[in-house]
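# Structure at a glance
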Amino acid sequence: MRDAGGPARLTAFLRGLGDRASRIDHYEHGTPPREALIAEAVRAIVASLT
């Protein structure tokens, strides 16, 4: 996520897509299983930026 510009840049990217609800507030560390989908979404966003 750091390479993509961090949480603020990813949230701005979502806004550019018209998404007004989602936001990336922080870096994920030791993601618990119930939050694994959030981490997967972040990876997909980063992949779309490259």
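One structure accompanies this document, and this report is about it. (Residues numbered from 1 in each chain as written. Predicted model: local features only at pLDDT ≥ 70, side-chain atom pairs only at ≥ 80, totals over all residues. Heavy atoms only, no water.)

Turning our eyes to something else, we now look at the overall build of the protein. The secondary structure content of the protein amounts to two helices and zero strands. Across its three principal directions, the C-alpha atoms of the protein cover 30 × 25 × 15 Å. The proportion of buried residues among the 50 residues of the protein is 20%. Intrachain contacts of the protein at a sequence separation of at least 6 include 38% that bridge at least 24 residues. Surface summary for the protein: the accessible area is close to 3,700 Å², and the carbon and sulfur share equals 56%. Charge centroids of the protein, computed over 7 positive and 6 negative side chains, lie 5 Å from each other. (Helix = DSSP H or I, 4+ residues; strand = E, 2+ residues; numbered from the N terminus. Buried < 20%, exposed > 50% of the residue type's maximum accessible area, 1.4 Å probe, protein only. Contact = heavy atoms within 4.5 Å. Areas by Shrake-Rupley, 256 points an atom, 1.4 Å probe, with all protein chains shown as cover. Lys, Arg positive; Asp, Glu negative; His and termini not counted. Charge placed at Lys NZ, Arg CZ, Asp CG, Glu CD.)

Moving on, we get to helix H2 (residues 36-49). In this model H2 runs 20 Å from its N-terminal to its C-terminal C-alpha over 14 residues, within 8% of the 20 Å that 1.5 Å per residue would give. If you check which residues of H2 are buried, you get Ala39, Val42 and Ile45. For H2, the buried positions fall inside an angular range of 120° around the axis, keeping them on one side. Looking at the buried side of H2, the elements it contacts are helix H1 (6-16). (Expected span 1.5 Å × (residues − 1). Arc of directions from axis to C-beta.)

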